[in-house]
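Geometric and topological summary
Single-letter residue listing:
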Number of protein chains: 2
Amino acid sequence: MSKKIYVTGLGPGLYEHMTEAAKQSLTEADVIVGYKTYIDIIADLIEEGKEVRSSGMRKEIDRCQECLDLAEAGKTVTLVSSGDAGVYGMAGIMMELVEKSKSEVEVVVVPGISAANAAASTLGAPLMHDYCVISLSDLMTDWEVIKKRLHCAGEGDFIVSLYNPKSKGRPDNIVEAQKILLEYKDKDTPVGIVRNAKRANESYVITTLEKMCDAEIDMFSMVIIGNSKTYITEDHLKMITPRGYAL
Amino acid sequence: MSKKIYVTGLGPGLYEHMTEAAKQSLTEADVIVGYKTYIDIIADLIEEGKEVRSSGMRKEIDRCQECLDLAEAGKTVTLVSSGDAGVYGMAGIMMELVEKSKSEVEVVVVPGISAANAAASTLGAPLMHDYCVISLSDLMTDWEVIKKRLHCAGEGDFIVSLYNPKSKGRPDNIVEAQKILLEYKDKDTPVGIVRNAKRANESYVITTLEKMCDAEIDMFSMVIIGNSKTYITEDHLKMITPRGYAL
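Attention in this report is confined to the structure presented alongside it. As the structure is a computational prediction, the values presented were derived from the model and not from experiment.

Thresholds, definitions, all that
- Every chain begins its residue count from 1, and numbering advances along the sequence as written.
- The order in which chains are written sets their letters, starting at A; the order in which ligands are written sets their numbers, starting at 1.
- Only residues with pLDDT of 70 or above have their local features reported here, since the model is predicted, and side-chain atom pairs are shown and tallied only from 80 upward, although totals for entire chains, interfaces and linings are computed over all residues.
- As a rule here, side-chain values cover all heavy atoms of the structure and leave hydrogens and water aside.
- Note on patches: the residues involved have over 30% relative accessible area and no salt bridge, like charges join within 9 Å, and the nonpolar side chains Val, Leu, Ile, Met, Phe, Trp and Tyr join within 5 Å.
- Each accessible area is a Shrake-Rupley result for a 1.4 Å probe, and residues are judged covered by the shown protein chains and nothing else.
- We define a salt bridge as a contact between a side-chain nitrogen of Lys or Arg and a carboxyl oxygen of Asp or Glu at a distance within 4 Å.
- The rule is simple: take the accessible area with a 1.4 Å probe, protein chains only, and divide by the maximum for that residue type; under 20% is buried, over 50% is exposed, in between is partly exposed.
- Between N-to-C directions, angles cover 0 to 180 degrees, with each direction set by a line fitted to C-alpha atoms, over the stretch in contact for helices.
- In this text, helices come from DSSP runs of H or I with a minimum length of four residues, and strands from runs of E with a minimum of two, each type numbered from the N-terminal end.
- Orientation categories follow fixed angle ranges, with anything under 35 degrees roughly parallel, anything over 145 roughly antiparallel, 65 to 115 roughly perpendicular, and all other angles oblique.
- Any two residues whose heavy atoms approach within 4.5 Å are treated as being in contact.
- Superposing copies: least-squares fit, C-alpha atoms only, residues required to have pLDDT of at least 70 in both.
- Note on pairing: two strands pair once DSSP finds at least 2 bridges between them.

It is worth spelling out a nonpolar patch on the surface at this point. The grouping of Met57(A), Met219(A) and Phe220(A) at the surface amounts to a nonpolar patch, some 320 Å² of accessible area in total. Judged by its relative accessible area of 46%, Met57(A) is partly exposed.

Quick look at the structure:
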């Protein structure tokens, strides 16, 4: 019996940015498990008759337990996650659950294009130098820890990618993040905000650290703040962080 | 005339982690340009008769100038890069050159699985929380800047992904990086080192911050150092950074 769970990153949403390995993990699965929105996105890739179990948001632990139970019963299970399953995705919790259960089930993480990398490609080349990835969601992380990290990111002149920048429940975290970064970064530091990166309804704006909160930012947005060398192209359409080549 | 340059991230090396969009950019190109090693890897994906221009290492600027010249002459060009072209890859320099030349050529960055995400998936789920990506190469970046960033990464309790951790020309940067991080992180902090992530000859070790420099580390390695909550599984085969779910 296989007793295997794939945790698959689907990439940023459209088929074209999904990998062959991700597709193979769908084919190989006896059962595909995931959050309903993601299951809907990959519907065309799922063979007719394949067992699919979709569930609502914030059911992460239940969903992983379901995967574990199915795998323990001998099924090959593929748990899908958007972006890269290993970045604020389902890979960690699935592995934690297997570990705590002292199960012998093998968990294979299939990497995907992360939301930060997807958004960066839309913006041009903002992540060409050292960068930090920080989630502004304080649902499971102490806000003081997040603030401390923002200070460190600012002090180190890192490029900063902000996941979960804003939701209805926490509209002010992004404003506080901006204030902290303004202590270290110039007010004209380029900022790119991408909504629905690489999806059909993608949109983006290029702005500055001082003005970023005037832009529309929501839970489908990725915010990328440059370092001290990042600049905006003359046509105002892209942002570039030089790597250091003498051109 | 199209006047378009794709800068394509091939992912970590094997076809299975390449995206459909990356493959399409090879098909669409009149000319494919890249570092010889990467051109060799994708040889089977290049149609017979397609023009290919490969070059040696450290010819980045020449390679980009060649792409620009070809595009200005009306060719659709695809410049390939390993991993994600937008992370220490060819996207930035290509865009910089187009910008400085005041060219009208359109540059489209096609994202790929980055080396950090690829290595993380092999190690389990180390990047499940806020993390920094830092290159230890001081060829184009002042070593003092890199050290400062290591201090900030340590102080912020970030997970740290180290690109270019070691080469023959700079064998000691990784030792100094370790020393800096030991000022902030416990000596038993889990560390994963992946060589040739997702390639046929992939290998990895899981060790600790105190012992990491005993392991083989070279320019084909990615080093991922955990945060204060990262742990190693009981079988010593994987590392997991909890996201914060109460299991």
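Picking up after the structure, the text goes on.
On to the packing of helix α6 (residues 143–155) of chain A against helix α6 (residues 143–155) of chain B, then. At a minimum axis distance of 9 Å, the contact between α6(A) and α6(B) shows a crossing angle of 180 degrees. Between α6(A) and α6(B), the angle is such that the two are roughly antiparallel. Residues Lys148(A), Cys152(A) and Glu155(A) of α6(A) form the contact with α6(B), whose own contacting residues are Lys148(B), Cys152(B) and Glu155(B).

Quick look at the relation of the copies chain A and chain B now. Take chain A, turn it by 180 degrees, move it 0.0 Å along the axis, and it overlays chain B with an RMSD of 0.0 Å. What the superposition gives is, in effect, a two-fold axis relating one chain to the other. Same-surface contact between copies: 100% of interface residues of chain A are shared with the interface of chain B.

Further remarks concern the sheet that holds strand β10 (residues 203–208) of chain A. On the basis of which strands lie adjacent, the open sheet formed by ten strands has the order β10(A)-β9(A)-β11(A)-β8(A)-β7(A)-β7(B)-β8(B)-β11(B)-β9(B)-β10(B) and mixed pairing. Lying at the two open borders of the sheet, with one neighbouring strand each, are β10 of chain A together with β10 (203–208) of chain B. In this sheet, neighbouring strand axes are inclined to one another by 15 degrees on average, regardless of whether the strands run parallel or antiparallel. As paired strands, strand β7 (residues 131–135) of chain A and strand β7 (residues 131–135) of chain B are joined by three bridges and run antiparallel to one another. Within β7(B), the residue paired with Tyr131(A) across the bridge is Val133(B).

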